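# Observations on chain architecture
What follows is the residue order along each chain.
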Amino acid sequence: MNQFRIKRLVDQAFEQAELAKEDIKALLTADIAELDYLLQQADQKRKEVCGDEVHLRAIIEFSSYCKQNCHYCGLRKENHKLERYQLKKDEIIETAGMASELGYQTVVLQSGEDEYPAAEIAEIIKEIKNTTDLAITLSLGERDFAAYKLWREAGADRYLLKHETADQALYEKYHPGMSFENRIESLNYLKTIGYQIGSGVIIDLPGQTPEILAEDLLLSQDLKLDMIGSGPFIPHEQTPLAESKTGTVEMTLKFTALSRLLLPLAHIPATTALGTIDAEGRQKALLAGANVVMPNVTDSKYREKYQIYPEKICVNEEAGDCRQCIGGIIASLGREVSQTKGHSLR
Ligand code: 5AD
Ligand code: SF4
Ligand code: FES
């Protein structure tokens, strides 16, 4: 694409936070070598909207049990090679306390689609709220609407439920027994009952086209997401997509930059998946519109058992190591760790 057209489209996105699907697609299709201006303007928008603060969200991976069979994911039920674990209530609360002591302002309670009792999750939320000043994000997949409500009433602030892909046929192909419609309805319902909502996309999932990625951005605008993340697809040996190609850093960065321009107020993480395929991946995303990092605080004895994809970073580190590492990365970019909870900017 010629530089005049790139400049015109990027300027339009920068000023109006709007682009036609065809134009988004054109930018996603352009060679990354031609797109310095896109990444630069996304960084500029991030600076205007978020300043130089980076928000940290501490992830507690509390259960690797999952009843679903997503074609791309190592936690899928049919991966019988994976040894499963589930933290007890007290361990989760203790880990949250430790995250708070490390200076984190948000914990993300994350698991596969486990059947962890809803009432027990509610008690955990209440106890964390009573004993710390943490904001709480839930990332537990799809549960019934009554559970979402119960947890919101217990004090949960945010819910992270990635839509993964905006193409219904592709979604349903890779998520046997699940419905795209229910995914979107869940996100809308969560928003209605007062959660800040986060979603996300897997980049370069086999069969995904730039057109579909453009639809992902338009859908994310429609959903009025408070957070939007994107990480490259990484093939896992014990899944049906074992032989497929790893996603690219380039496409992930283009998508990150467009996320910042089209959803200027969204929180955008530099994802662990991007840090896994490129040692500098998270740094690159932080320079292309991202303003959030989500370090792991799970006890190291469980980390290798939460293998969503292979060679996930930080498997041999402890919570304190990751906190320090991330602090270093942020400082090296001339940015700073936020001292606030980093609620939605909407
Ligand atoms: N590659 C990249 N991301 C993946 N996820 C699951 N499997 C993979 C993979 N192979 C992401 C999905 C899901 C979350 C658990 O991790 O986006 O929401
Ligand atoms: Fe389970 Fe989530 Fe993995 Fe799907 S992506 S198999 S729901 S952990
Ligand atoms: Fe875990 Fe860098 S964030 S070691």
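Going by the structure above, here's the rest.
Residues numbered from 1 in each chain as written. Chains lettered and ligands numbered in written order. Predicted model: local features only at pLDDT ≥ 70, side-chain atom pairs only at ≥ 80, totals over all residues. Heavy atoms only, no water.

### Considerations on the overall build of the protein
Each helix and strand counted, the protein has 14 helices and ten strands in total. Relative to a compact globule of 346 residues, whose C-alpha radius of gyration would be 20 Å, the protein shows 19 Å and is just as compact. Projected onto its principal axes, the C-alpha coordinates of the protein cover approximately 60 × 40 × 40 Å. Each of the 346 residues in the protein was classed as buried or not, and the buried ones make up 59%. (Helix = DSSP H or I, 4+ residues; strand = E, 2+ residues; numbered from the N terminus. Rg over C-alpha atoms; globule rule 2.2 N^0.38 Å. Buried < 20%, exposed > 50% of the residue type's maximum accessible area, 1.4 Å probe, protein only.)

### Quick look at helix H5 (residues 118-131)
In this model H5 runs 20 Å from its N-terminal to its C-terminal C-alpha over 14 residues, within 8% of the 20 Å that 1.5 Å per residue would give. Close packing links the buried residues of H5 with strand S2 (58-63), helix H4 (89-101), strand S3 (106-111), strand S4 (135-139) and helix H6 (145-154). (Expected span 1.5 Å × (residues − 1). Contact = heavy atoms within 4.5 Å.)

### Describing the site of ligand 1
Lining the immediate environment of ligand 1, one finds Tyr 72, Cys 73, Lys 162, Glu 164, Ile 202, Pro 232, Phe 233, Ile 234, Ile 308 and Tyr 309. A distance of 2.5 Å separates an oxygen atom of ligand 1 from a polar side-chain atom of Glu 164. One of the backbone nitrogen or oxygen atoms of Ile 234 is found 2.7 Å away from a nitrogen atom of ligand 1. For ligand 1, whose accessible area on its own is 400 Å², the fraction buried by protein is 83%. Among the residues forming the shell around ligand 1, the class breakdown is eight nonpolar, no polar and two charged. (Near = heavy atom within 4 Å. Polar contact = N/O pair within 3.5 Å; in protein donor to acceptor, adjacent residues only side chain to side chain. Areas by Shrake-Rupley, 256 points an atom, 1.4 Å probe, with all protein chains shown as cover. Nonpolar A, V, L, I, M, F, W, Y, C, P; charged D, E, K, R; others polar.)

### A few points about the packing of helix H2 (residues 21-29) against helix H10 (residues 249-262)
Their axes nearest at 9 Å, the elements H2 and H10 cross at an angle of 145 degrees. Two packed elements cross with a definite hand, and for H2 against H10 that hand is right-handed. Of H10, the residues touching H2 (which contributes Ile 24, Leu 27, Leu 28 and Thr 29) are Met 251, Lys 254, Phe 255, Leu 258 and Leu 262. Residue composition of the contact of H2 with H10, by class: seven nonpolar, one polar and one charged. (Axes fitted to C-alpha atoms, helices over the stretch in contact; angles between N-to-C directions. Left-handed = near helix turned anticlockwise from the far one by under 90°.)

### Focus on the pairing of S4
Buried residues dominate S4, accounting for five of its five residues. Of the two faces of S4, both are covered, the one formed by Ala 135, Thr 137 and Ser 139 as well as the one formed by Ile 136 and Leu 138. Relative to S4, S3 is paired through five bridges, and the arrangement is parallel. Of the residues in S4, the one forming a bridge with Thr 106 is Ala 135. With respect to chirality, the unit in which S3 leads through H5 into the neighbouring parallel S4 is right-handed. In this structure, S4 lies alongside strand S5 (residues 158-160), joined through two bridges in parallel fashion. The partner of Leu 138 across the bridge, within S5, is Tyr 159. (Pairing = 2+ DSSP bridges. Right-handed = clockwise from strand over helix to strand, strands pointing away.)

### Quick look at unusual backbone geometry
The backbone of Glu 311 shows a phi angle near 55 degrees, a positive value even though the residue is not glycine. Positive phi outside glycine occurs at Cys 314, with the angle close to 75 degrees. You can see Cys 314 is positioned in the loop between helix H13 (300-303) and helix H14 (319-332). Residue Cys 314 is classed as buried on the basis of its relative accessible area of 19%.

### What to know about the sheet that holds strand S10 (residues 336-337)
As summarised here, the arrangement of the four strands in space is S8-S9-S1-S10, forming an open sheet in which the pairing is parallel. Each edge of the open sheet is held by one strand with a lone partner, namely strand S8 (269-270) and S10. When strand S1 (residues 53-56) meets strand S9 (residues 292-293), the two strands line up parallel, connected through two bridges. Opposite Leu 56, over in S9, you have Val 293 as the bridge partner.

### Quick notes on the pairing of S1
Where S1 meets S10, two bridges bridge the pair, whose relative direction is parallel. In the strand pairing of S10, Val 54 is matched with Val 337.

### Points about the pattern of salt bridges
Tallying each qualifying case throughout the model produces 21 salt bridges. Between Glu 115 and Lys 67 there is a salt bridge, and its shortest N-O distance comes to 3.3 Å. Placement of the pair is Glu 115 in the loop between S3 and H5 and Lys 67 in the loop between S2 and H4, with a sequence separation of 48 residues. Overall, Glu 115 belongs to the exposed group, its relative accessible area being 57%. (Salt bridge = Lys/Arg side-chain N within 4 Å of Asp/Glu carboxyl O.)

### Some points on the nonpolar core
By size, the foremost hydrophobic cluster in this structure holds 104 residues, and its most contacted members are Phe 62, Tyr 72, Leu 109, Leu 138, Trp 151, Tyr 159 and Tyr 195. Broken down by element, this core gets its largest block of residues, eight residues, from H10. Counting six residues, the second largest nonpolar core, distinct from the first, contains Ile 59, Val 108, Leu 160 and Met 294. (Core = buried A, V, L, I, M, F, W, Y, C linked by side-chain atoms within 4.5 Å.)

Just distances and angles here, no functional claims.
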